[in-house]
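# Geometric and topological summary
Each chain is listed here by its residues.
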Amino acid sequence: MEKHFEIEDAFIAEQNLKARAEVAEDYEHLAKRLHRKNVDIENLTAKAQALQVAIPSWGVGTGGTRFARFPQQGEPRDVYEKLEDCATVFKLVRSTPSVSLHIPWDKPDDPATLRRFARERGLHFDAMNSNTFQDQDDQELSYKFGSLTHPDAAVRRQAVEHNIECIEIGKVLGSKALTVWIADGGNFPGQFHPRRALERYLESMHVIYKALPDNWRVFLEHKLYEPAFYSTVINDWGTSYYCARELGSKAACLVDLGHHAPNVNIEMIVARLIQLGKLAGFHFNDSKYGDDDLDAGSIKPFQLFLIFNELVDAELSAVPHFDPCYMLDQSHNVTDPIESLMVSASELVRAYVQAHLVDRQALTEAQEKCDPLMALATLKEAFTADVTPIVAVARERMGGAIDPVATYRASGYRKQKAAERGAVAASLTGIV
Ligand code: RM4
Ligand code: MN
Ligand code: MN
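What this report covers is the structure whose coordinates are included nearby. (Residues numbered from 1 in each chain as written. Chains lettered and ligands numbered in written order. Predicted model: local features only at pLDDT ≥ 70, side-chain atom pairs only at ≥ 80, totals over all residues. Heavy atoms only, no water.)

### Regarding the side chain of serine 344
Filter applied, for reference: Only DSSP runs of H or I reaching four residues or more are called helices, and only runs of E reaching two or more are called strands; each is numbered from the N terminus. Note on definitions: a residue-residue contact is assigned when non-hydrogen atoms from the two residues lie within 4.5 Å.
Among the structural elements, serine 344 can be located in helix 10 (residues 337-356). Not counting chain neighbours up to four residues away, the residues in contact with serine 344 comprise Asp295, Ala296, Leu328 and Gln330.

### Things to note about the site of ligand 1
Our working rule: Each residue is tested against the molecule or strand, and it is near if at least one of its non-hydrogen atoms lies within 4 Å. We define a polar contact as two N or O atoms separated by no more than 3.5 Å, with the added condition that, inside protein, one atom must be a possible hydrogen donor and the other a possible acceptor, whereas residues neighbouring each other in sequence contribute only through side-chain atom pairs. Values of accessible area rely on a 1.4 Å probe in the Shrake-Rupley scheme; residue burial ignores everything except the protein chains shown. Gly is put with the polar residues, along with every residue not named as nonpolar or charged; the nonpolar set is Ala, Val, Leu, Ile, Met, Phe, Trp, Tyr, Cys and Pro, and the charged set is Asp, Glu, Lys and Arg.
Neighbouring ligand 1 are the residues Trp58, His102, Trp105, Trp181, Glu221, Lys223, Asp256, His259, His283, Asp291 and Asp329. Note that an oxygen atom of ligand 1 is positioned 2.7 Å from one of the side-chain N or O atoms of glutamate 221. Between ligand 1 and the protein, one listed contact pairs an oxygen atom with a side-chain N or O atom of histidine 259 at 3.0 Å. Expressed as a share of its isolated accessible area of 290 Å², the protein-covered part of ligand 1 is 95%. Each residue belonging to the shell around ligand 1 can be placed in one class, and the counts come to three nonpolar, three polar and five charged.

### Looking at the pattern of salt bridges
Condition: Should a side-chain nitrogen of Lys or Arg be within 4 Å of a carboxyl oxygen of Asp or Glu, the pair is scored as a salt bridge. Only protein chains enter the accessibility calculation, which uses a 1.4 Å probe; a residue is then buried when its area is under 20% of its type maximum, exposed when over 50%, and partly exposed in between.
For the coordinates displayed, the defined rule picks out 28 salt bridges. Between glutamate 6 and lysine 3 there is a salt bridge; the shortest N-O distance is 3.8 Å. Owing to a relative accessible area of 65%, lysine 3 belongs among the exposed residues under this scheme. Across the pair glutamate 81 and arginine 77 runs a salt bridge whose closest N-O atoms are separated by 2.7 Å. Using a relative accessible area of 53% as the deciding quantity, one classes arginine 77 as exposed. Through salt bridges with shared partners, a single network forms among Arg77, Glu81, Glu84, Asp85, Asp336, Arg414, Lys417, Glu420 and Arg421.

### Here we look at the coordination of the manganese ion (ligand 3)
The cut-off we apply is this: Metal-coordinating donors are taken as N, O and S atoms lying within 2.8 Å of the metal, or within 3.2 Å when the metal is Na, K or Ca; because water is left out, some sites can appear incomplete.
Every protein donor of the manganese ion (ligand 3) is accounted for by His259 (NE2) and Asp291 (OD), and the metal-donor separations fall at 2.2 Å. Looking at histidine 259, the relative accessible area reads 3%, which means it is buried. A relative accessible area of 15% means that aspartate 291 is categorised as buried.

### Overview of the packing of helix 1 (residues 9-36) against helix 14 (residues 404-411)
Our working definition: Here an angle of 0 to 180 degrees is reported between the N-to-C directions of two axes, which are lines fitted to C-alpha atoms, with helices fitted over the stretch in contact. In this scheme, roughly parallel covers angles under 35 degrees and roughly antiparallel covers those over 145, while 65 to 115 is roughly perpendicular and the rest are oblique. Throughout, a crossing is termed right-handed when the near helix is turned clockwise from the far one, and left-handed when it is turned anticlockwise from it by less than a right angle.
The N-to-C vectors of helix 1 and helix 14 enclose an angle of 120°; their axes lie 10 Å apart at closest approach. Considering the angle they form, helix 1 stands oblique to helix 14. Crossing angle aside, the handedness with which helix 1 passes helix 14 is right-handed. Where helix 1 abuts helix 14, its residues Phe11, Ile12 and Gln15 lie against Thr407, Ala410 and Ser411.

### Considering the coordination of the manganese ion (ligand 2)
Put simply, a metal with four donors set out as a tetrahedron has ideal angles of 109.5 degrees, and one with six donors set out as an octahedron has ideal angles of 90 or 180 degrees. Let me state the cut-off plainly: Tetrahedral means four donors with every angle between 85 and 135 degrees, whereas square planar (four donors) and octahedral (six donors) require angles over 155 degrees between opposite donors and between 65 and 115 for all others; sites fitting neither are termed irregular.
Looking at the metal site, the manganese ion (ligand 2) is ligated by Glu221 (OE), Asp256 (OD), His283 (ND1) and Asp329 (OD), spaced 2.2 Å from it. If you look at the manganese ion (ligand 2), its six donor atoms make angles of 72 to 170° with each other, and the shape they trace is octahedral. Sequence positions of the residues that donate to the manganese ion (ligand 2) give the spacing E-x34-D-x26-H-x45-D. Between the manganese ion (ligand 2) and the manganese ion (ligand 3) the interatomic distance comes to 3.9 Å. Here glutamate 221, found in strand 6 (residues 217-221), pairs with aspartate 256, found in strand 8 (residues 251-256); they are 35 residues apart in sequence, far enough to count as distant. Across this residue pair, the class does not change: glutamate 221 and aspartate 256 are buried.

### Digging into the nonpolar core
Rules: Put simply, buried Ala, Val, Leu, Ile, Met, Phe, Trp, Tyr and Cys residues joined by side-chain atoms within 4.5 Å make one nonpolar core.
Core analysis: the largest hydrophobic core is formed by 110 residues, its most contacted members being Phe282, Phe284, Phe308 and Ile390. Among the elements that line this core, the one with the most residues is helix 10, at 10 residues. Every residue in contact with isoleucine 390, bar those within four places of it in the chain, is listed here: Tyr27, Leu30, Leu34, Ile41, Leu44, Thr45, Ala48 and Val353. Ala127, Ala177, Phe219 and Ala252 belong to the second largest nonpolar core, which has six residues in total.

### Looking at the sheet that holds strand 1 (residues 55-56)
Selection criterion: In this scheme, strands are said to pair when DSSP sees at least two bridges between them.
Strand order in the open sheet formed by eight strands is 1-2-3-4-6-8-9-10, and the pairing between neighbours is parallel. Because the sheet does not close on itself, it has two edges, and the strands there are strand 1 and strand 10 (325-328). Pairing between strand 8 and strand 9 (residues 279-284): four bridges, direction parallel. If you follow aspartate 256 over to strand 9, its bridge partner there is histidine 283. In the packing of helix 9 (residues 301-316) onto the sheet, the strands contacted are strand 9 and strand 10, and the crossing angle to strand 9 comes to about 160°.

Below, the structure is given as structure tokens:
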């Protein structure tokens, strides 16, 4: 393969020189402020360096809506080019060393070669995602009316086999988890029988579960609606939890932030799943109305913080079975996907660091003394702290960019890719 343009480490270091003095000053100032509260900034920076989030392979292409997709120049054309873009995000932010693949969108001809390609770029593979929400050209039976819960056993079998194929590919890639999201449900009341559909789901999932290697897990992803506009079958976390429990210890519930009705208290769902030992992890994104797949922290940053508050609380109190996987699941319709992914990954680190800033002793005291005003004030104090210097220094210490977007733009990456990858296909509709 001919040499493709890459952002060099030396270029990142050179760009960092521009911002270093200012960041160092801000970091020192913040260190002093935190010291007054007996907080060691170095501990927080170490935490910031430790947080990792997977990139979805489908997130590096330009997204679209039901109405249109406006492709940008230099889009990745295959899974290898997608990995190149993931590697670029990783190089600049350093907190995204893994990639989550969607099959068959990114089905590799030779998984072993793809694994090598990823490893050469410091990447590895996170959860595999199956796709039974659309029909492929070479597919025998249609998923128009469902997959794992379809009334026809032959369709269910086909969907089960597809999931098992995802596990097989994932084994070669070094993945350790399968995420199952199904679009099954109905557009109209009466279209499907809720109990029968759930029974069929469990029956199908039991077969998939049996195919999991010992060290694998399966993540069940719920979503209340869309594309089924009346209801989906796995519509909420309660249903997901019930199924995970029925399946066994390798099954847990994945929370996609966009898969809830507006105003649902997601941090409560997170707290419950932690307590029940069934929190698999997240698909991070943000939304205003539905499954908008906007950039994490762009609409409701306080909610993101409150979710991390629960996660950090569980981490600090060493809750058994607490080992969540973090992934972004976003659709970038109007931004450069690489920029959105970098900003989103950094927003997670920000929320994580802020959550570590919560004075837990003061919070517990306020809770025990029934002092809601002080309880909220304790959370707000952490949420309003500007931890930007910590996030930037953490990135730089790992070899990443102090300012990832500025460095990315200065590198001319997208222009280089436009030349390498050629013209993009005309506008198509589609969710990703
Ligand atoms: C769904 C869900 C799944 C994702 C697809 C593309 O709404 O979020 O996780 O794989 O979209
Ligand atoms: Mn998702
Ligand atoms: Mn979604």
